[in-house]
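A look at the structure
What follows is the residue order along each chain.
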Amino acid sequence: MTDFDFKVPQQQHVLAVVVYFFKNLRNLINGLLPLIAFAAIKPGSFYILAGAIILGVILNCVFAWLQHKNFSFYVDNRELIINKGVFVKDRIAIPLERVQTVQLHQNIIQKALNLFAVKVDTAGSKAEELEIPALETHKARAFQEMLRKEKAKIISDVPDVDQGIISEENGEEDHVIDLVKLDILKLLKVGVTENHIRRGLLVLAIIFGYASQYQSIFDNYVEPWFEENYAKIASFSITVVLVGIIVFLILSTVLSLIITILKHYNFKAILKHGLIDIEEGLLKRNEYRIPLNKVQFLEWRSNPLRKIWDIETVRIFQSQSAEQKRKQSIEIPACEKRETRIILKEVFEEDPEAVYNSIETHKFTYTLFHFYILGIPLLLFTSVVWYFDYYSSIPILLLLFISMILVAYKNGQKMKVESNGELLSIRKGWIFPVRIVIPIYKIQALQKNQSIFLLRKNLAHLNVITASGDRTIRFLNSREVDKLYDYILAKVEMHKGPWM
Amino acid sequence: MILQNSQVSYEELPHLSDVEYIVHPKSYLKLRLLKRAIFFLILLIAIAIVFLAGEIFAAVLSAAVWLVVLLLVLITEIKGFKVRGYALREKDITYKQGLIFYNLTTLPFNRIQHSEISQGPLERAFKLTSLKIFTAGGASSDLEIGGLDNTEAEKLKEFIAKVSASND
């Protein structure tokens, strides 16, 4: 690895200009899209539009070049300094202690140019997301390594020593544990088992979002056409609507499949230097680094299709302050049982011999609760339907209601909380099983909730609060909750040392 | 039983159910009722305006709803006041509240980030103070104990500051 001296102000690769150009272009398009579309439709404005575009491109080139010239970064006196800005010149100084992780990302442009965007995650109240948009591969990696080593030095308070002389590091360098790797077959399985309908609806929402910007165009041009052809449109029958829905479902599934494969292409998760290192993506290459001590809990999710292929999705929940906009959970799209065992052992130090003892949810009350929750709106809906004489739909509604109650019963059967003494594991869900594993010492606070009805039945809800969210287990025996409550408190309070 | 295999036997653990809760001074109930009264008074004025504007039926209907909700709120506040209390142990602080929806929250001291005391104008008149305790768990686990005696709140805040600092 070529040595770079990051103590001296560094510039990005000259092709950063291209990266900036496209970045500016994207921002411009997002802002001016309605204007451009409108101008494109209006007759006679073609030359003005062409002129404006050419001028815009030239200005963009100049601006991008200036952005590159004015961007520099270096490390000085235990601080990372970034200088940037064309009109407003910013000088950002971040103490190295506040640097959490450094992650490399690549979008299509950067990939084509063999450059990486370096994103520096910081701790602290301000959501400072520092980014160096275009460094060559080896320089980016060297920068990442340098920051990691500098941070480690600060933590262990070793006086400034040159890179490479720290020999203790070398042992650690080689210690890499593979967590999860996805080949193309697994990727296809992931793609097929994703929640396509929701994706499809999301895409639709985005389209409508853009479409609403064209409201004026719609009013002037589309609506008159609509009114002319209204008669033809009104004569479309139910079959067309059904065909439309089916086409939508197929399209959203295919689209979702493509998006999933592109997003998770070449997924790799490894454990290295006390970090979970995740890389994925084809057109856009993303890297996520999560320090082990920031992991608050893990969630495993599955669905009937995934159960057939024996894979689960794992979500890693990390701690963050309220103001940070960072992703709260990072996903491992497919994990086998074997890999799950490795993750539990390496991330949570799970004792494979330890036995889990559990408290189960009172399934009858759980079902009764859902009976009321589902029953009341259904009753209202049924009376409305009755009023309008749509009698034929009533048996269907009844069938729907009964099946929902059955699913609620099965869900109540599956819901439980279990512990091996060190880890807390919450299980719920029948068709879509979920398992949440929380190391007990990570728990921040506990809550016990009982409505007046639960009090009489000796049942209670237990709410476990962590630095990455709350998780609740409902309809447990109140006495058992008290015991678990006392145990968790004792364990948390006995825990010496930082919880993060 | 869930704790069969743990290294600590259950009998050795401190039991939260044994603890004695410290109740609020009576003036806190008066403060809470006053706050509710002000809110319902404003609503009543709004209903009166509707009535005077000629919408007799709507005004009477909302007045009836107003009365019912007021009665419910009064009952839950007065009866629920007996449920409210906090418990200070060596290593954690617990607060309980709620008549119809009972809630018990415990914050271990070694997980507390910081604490604050505050006094609104009404509280100052009643010589009461609020104590807010913050954890890393986000807004849902931030504990607010209102209606504490002034000196008690000060002492509590100092105590918490001391124990949570010693845990860093």
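Before reading further, recall that the structure is shown in the block above.
Computed from a predicted model, the values in this text were never measured in an experiment.

Attention shifts here to the overall build of chain A. Each helix and strand counted, chain A has 16 helices and 20 strands in total. The 500 residues of chain A split such that 42% are buried. Partitioning the contacts of chain A with sequence separation of at least 6, the portion at a separation of at least 24 is 58%. Total accessible area computed for chain A in this model is approximately 27,500 Å², and 64% of it derives from carbon and sulfur atoms.

This part takes up the sheet that holds strand β19 (residues 459–466) of chain A. Strand order in the open sheet formed by six strands is β20(A)-β19(A)-β18(A)-β3(B)-β2(B)-β1(B), and the pairing between neighbours is antiparallel. Looking along the sheet, the strands with just one partner apiece sit at the ends: β20 (469–477) of chain A together with β1 (85–88) of chain B. Taken over all neighbouring pairs, the strand axes of this sheet differ in orientation by 15 degrees on average, direction set aside. Against the sheet, helix α16 (residues 478–494) of chain A touches β18 (445–451), β19 and β20 of chain A together with β2 (92–97) and β3 (101–108) of chain B, its axis set at about 165 degrees to β18 of chain A.

As a further point, take the side chain of Gln106 of chain A. Residues and elements named next belong to chain A. Its place among the elements puts Gln106 in the loop between β4 (99–105) and α3 (108–112). Under the relative-accessibility criterion, Gln106 is labelled buried at 5%. Polar contacts involving the side chain of Gln106 include one to the main-chain carbonyl oxygen of Leu115, which spans 3.2 Å. Sequence-distant contacts of Gln106, that is, excluding residues within four places in its chain, are made with Lys111, Leu115, Phe116, Leu283, Lys284 and Arg285.

Moving on, we come to the interface of chain B and chain A. At the interface, 32 residues of chain B touch 37 residues of chain A. Summed over both sides, the interface of chain B with chain A buries roughly 3,000 Å², with 56% coming from carbon and sulfur. Our enumeration of links across chain B and chain A arrives at zero salt bridges. Inspection of the region where chain B meets chain A yields 11 residue pairs in polar contact (both at pLDDT 80 or more). In terms of residue count, the dominant contributor to the side of chain B that touches chain A is β3 of chain B (eight residues). The residue makeup of the side of chain B that touches chain A, split by class, is 16 nonpolar, 12 polar and four charged. In terms of strand pairing, β18 of chain A meets β3 of chain B through six bridges, oriented antiparallel. Paired with Lys448 of chain A across the two strands is Leu104 of chain B, which belongs to β3 of chain B.

Now for the environment of Phe388 of chain A. All names here are of chain A. Its place among the elements puts Phe388 in the loop between α13 (363–387) and α14 (394–414). You can call Phe388 exposed: its relative accessible area is 54%. Taking the C-alpha atoms as reference points, Phe388 and Asn24, separated by 364 residues in sequence, lie 56 Å from one another.

With that settled, consider the packing of aromatic side chains. The geometry of an aromatic ring pair is captured by the separation of the ring centres together with the interplanar angle, meaning the angle of the planes. Residues and elements named next belong to chain A. Taken as a whole and judged by the stated rule, the model has 16 aromatic pairs over all chains. Aromatic side chains Phe21 and Phe22 sit 5.5 Å apart centroid to centroid with 85 degrees between the ring planes, which places their arrangement in the edge-to-face category. On the basis of relative accessibility, which here comes to 36%, the residue Phe22 falls in the partly exposed class. What links up through ring pairs into an aromatic cluster is the set Phe6, Phe71, Phe73 and Phe143. The ring of Tyr356 has Arg435 sitting right over it, with the charged end atom 5.6 Å from the ring centre.

Bringing the packing of helix α1 (residues 26–52) of chain B against helix α2 (residues 56–81) of chain B into the picture now. α2 of chain B packs onto α1 of chain B with a crossing angle of 175 degrees between their chain directions and a minimal axis gap of 10 Å. In terms of axis orientation, α1 of chain B runs roughly antiparallel to α2 of chain B.

This paragraph deals with the sheet that holds strand β17 (residues 434–439) of chain A. In a beta sheet, neighbouring strands are held together by backbone hydrogen bonds and run either parallel or antiparallel to one another. All names here are of chain A. If you walk across this open sheet you meet the seven strands as β13-β12-β11-β17-β16-β15-β14, and the pairing is antiparallel. Edge positions in the open sheet fall to β13 (329–335) and β14 (357–360), since each of these has one partner strand only. The sheet shows a mean angle of 20 degrees between the axes of neighbouring strands, taken without regard to direction. Set on the sheet, helix α12 (residues 337–348) makes contact with β11 (295–301), β12 (312–318), β13, β16 (423–428) and β17; between it and β11 the angle comes to about 170 degrees.

Right, let's get into the pattern of salt bridges. Residues and elements named next belong to chain A. This structure, assessed with the given rule, holds 24 salt bridges over all chains. The partner of Glu279 in a salt bridge is Arg141, and the shortest N-O contact between them spans 3.6 Å. Remark: Arg141 occurs in helix α4 (residues 137–156) and Glu279 occurs in strand β9 (residues 275–280); sequence separation between them is 138 residues. With a closest N to O distance of 3.9 Å, Lys337 and Asp310 form a salt bridge. Taken together, the residues span a long stretch of sequence, with Lys337 in helix α12 and Asp310 in the loop between α11 (304–309) and β12 at a distance of 27 residues. Among the residues examined, Asp310 registers a relative accessible area of 47% and is labelled partly exposed.

Where nonpolar side chains cluster on the molecular surface, the patch consists of Val14, Ile54, Ile58, Val62, Trp65 and Leu66 of chain A and spans about 550 Å² of accessible area. Structurally, Ile58 of chain A is set in helix α2 (residues 46–69).

Parameters at a glance
Residues numbered from 1 in each chain as written. Chains lettered and ligands numbered in written order. Predicted model: local features only at pLDDT ≥ 70, side-chain atom pairs only at ≥ 80, totals over all residues. Heavy atoms only, no water. Helix = DSSP H or I, 4+ residues; strand = E, 2+ residues; numbered from the N terminus. Buried < 20%, exposed > 50% of the residue type's maximum accessible area, 1.4 Å probe, protein only. Contact = heavy atoms within 4.5 Å. Areas by Shrake-Rupley, 256 points an atom, 1.4 Å probe, with all protein chains shown as cover. Pairing = 2+ DSSP bridges. Axes fitted to C-alpha atoms, helices over the stretch in contact; angles between N-to-C directions. Polar contact = N/O pair within 3.5 Å; in protein donor to acceptor, adjacent residues only side chain to side chain. Buried area = accessible area lost by both parts, 1.4 Å probe. Salt bridge = Lys/Arg side-chain N within 4 Å of Asp/Glu carboxyl O. Nonpolar A, V, L, I, M, F, W, Y, C, P; charged D, E, K, R; others polar. Phe/Tyr/Trp six-rings, centres within 6.5 Å; stacked < 30°, edge-to-face > 60°. Lys NZ or Arg CZ within 6 Å of the ring centre and 35° of its normal. Parallel < 35°, antiparallel > 145°, perpendicular 65-115°, else oblique. Patch = residues over 30% accessible without salt bridge, like charges linked within 9 Å, V, L, I, M, F, W, Y side chains within 5 Å.

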